[in-house]
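Here is how the chains run, residue by residue.
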Amino acid sequence: MSDAVPPRRSPDRPRHRDRHGRGMRGPVAPPQVPLAVSRAASFDTLVRDSAERLERSWPQLASVAFGVQEVPLPEEGTDDWDGLGTPVPLGRLVPARGDRPDQVIVYRRPVELRSKTREERALLVHEVVVEQVAELLGQSPEAIDPRYGED
């Protein structure tokens, strides 16, 4: 059995991360590629963009809170949504109560599961937001967004 102690680095010798002489590492991806953007953050952006697009035509939506929730809870669905084949809701309107404003909630996971590409996801998110806003304002979805259902 040897009681050898590993050699210590001298304090005047700096540690290098460039052990093989290849230079410092560069960025993993170019700056225009959003590596740090998660799927959830990207989805939030889609909902926010859709809400802003509608607010330009409907100024009364400025007081409405738009949000994202991962999945609907069973008690938040329709009366017959019990997990026995009834479709899961993609969004929900929560009416104002007290000092809480009206809320439009889009459920991220059900929307993601029904869309394959980012473009499909953006269209589906916009349709869900339009449908919920139409319910809130007592209008038809086509009155809220004339391009509703065309894509």
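The structure we're discussing is the one just above.
Sequence order as written defines residue numbering, which begins from 1 separately in each chain. For a predicted model such as this one, the threshold for reporting local features is a pLDDT of at least 70, and the threshold for listing and counting side-chain atom pairs is 80 or more; totals across whole chains, interfaces and linings nevertheless cover every residue. Side-chain numbers come from the whole structure's heavy atoms, not from hydrogens or water.

S.K.: What is the right way to read the overall build of the protein chain from this model?
M.R.: Numbering of helices and strands runs from the N terminus; a helix is a DSSP stretch of H or I covering at least four residues, while a strand is a stretch of E covering at least two. Looking only at helices and strands, one finds four helices and three strands in the protein chain. The order of α-helices and β-strands along the protein chain, N terminus first, is α-β-β-β-α-α-α. For the exposure calls, accessible area comes from a 1.4 Å probe over protein chains only, and a residue counts as buried if that area is under 20% of its type's maximum, exposed if over 50%, partly exposed in between. For the protein chain, with 151 residues in total, the buried portion stands at 26%. We get accessible surface area from the Shrake-Rupley algorithm with a probe of 1.4 Å; when it comes to residues, only the shown protein chains can shield them. Put simply, the protein chain shows about 11300 Å² of open surface, and 51% of that area lies on carbon and sulfur atoms.

S.K.: Before we go on, may I ask you to explain the sheet that holds strand β3 (residues 103–107) in this structure?
M.R.: To summarise the sheet geometry, strands pair through backbone hydrogen bonds and adopt either a parallel or an antiparallel arrangement. In short, DSSP must find at least two bridges between two strands for them to pair. Here three strands make up an open sheet; going across it, the order is β1-β3-β2 and the pairing mixed. Each edge of the open sheet is held by one strand with a lone partner, namely β1 (65–69) and β2 (91–94). Within this sheet the neighbouring strands show an average axis-to-axis angle of 20 degrees, counted without direction. Bridge analysis of β1 against β3 gives five bridges, and the strand direction is parallel. Considered in β3, the bridge of F66 is made with V104. Working rule for contacts: check all heavy atoms of both residues, and any pair within 4.5 Å makes them a contact. What counts as an axis is a line fitted to C-alpha atoms, over the stretch in contact for a helix, and the angles between N-to-C directions run from 0 to 180 degrees. Contacting β1 and β3, helix α1 (residues 39–57) crosses the sheet at an angle of about 155 degrees to β1. Strand contacts of helix α3 (residues 118–137): β1, β2 and β3, with the helix running at about 25 degrees to β2, the strand carrying the most contacts.

S.K.: How should the nonpolar core be read in this particular structure?
M.R.: Across soluble globular proteins, nonpolar side chains have a tendency to be buried as a group. Residues L54, V106, V111, V125 and I144 are the most contacted members of the largest nonpolar core, which totals 21 residues. Every element with two or more residues in this core is listed here: α1, β3 and α3. Take this core: its biggest share by element is seven residues, from α3. Once residues lying within four places of it in the same chain are set aside, the contact partners of V125 are F43, L46, V47, S50 and V111. Each nonpolar core is a collection of buried residues, namely Ala, Val, Leu, Ile, Met, Phe, Trp, Tyr and Cys, held together in the definition by side-chain atoms within 4.5 Å.

S.K.: Teacher, can you tell me more about α3 here?
M.R.: Structurally, the α-helix is built with 3.6 residues per turn, so residues lying three or four positions apart point the same way. Given a helix with a known number of residues, its expected span is that number minus one, times 1.5 Å. The terminal C-alpha atoms of α3, which comprises 20 residues, lie 28 Å apart, in line with the 28 Å expected from a rise of 1.5 Å per residue. Within α3, burial applies to R121, L124, V125, H126, V128, V129, V130, Q132, V133 and A134. Where the residues of α3 are buried, they touch α1, β1, β2, β3, α2 (108–113) and α4 (141–144). A positive phi of about 70 degrees marks G138, the residue just after α3.

S.K.: It is not clear to me how the environment of A65 should be interpreted in this structure. Could you clarify?
M.R.: For A65, the position within the fold is in strand β1. Residue A65 is classed as partly exposed on the basis of its relative accessible area of 26%. Counting along the chain gives 39 residues from A65 to V104, while the straight-line C-alpha distance between them is 6.3 Å. Ignoring anything within four residues of it in the chain, the contact list for A65 reads P101, D102, Q103 and V104.

S.K.: What am I meant to see in the pattern of salt bridges here?
M.R.: A side chain of one charge can pair with a side chain of the opposite charge when the charged atoms of the two come close. A pair is scored as a salt bridge if a Lys or Arg side-chain nitrogen falls within 4 Å of a carboxyl oxygen belonging to Asp or Glu. In the structure shown here, the tally under the stated rule is five salt bridges. The partner of R108 in a salt bridge is E70, with the nearest N and O atoms 2.6 Å apart. Of this pair, R108 sits in helix α2 while E70 sits in the loop between β1 and β2, placing them 38 residues apart in sequence. Among the residues examined, E70 registers a relative accessible area of 38% and is labelled partly exposed. Residues participating in the shared-partner salt-bridge network are R39, E70, R108, R109 and E112.

S.K.: Please explain α1 as it appears in this structure.
M.R.: Its 19 residues place the ends of α1 28 Å apart at the C-alpha level, agreeing with the 27 Å of an ideal helix rising 1.5 Å per residue. Buried residues of α1: S42, F43, L46, V47, S50, A51 and L54, and no others.

Honestly, that's just the spatial picture; any functional story needs more than this.
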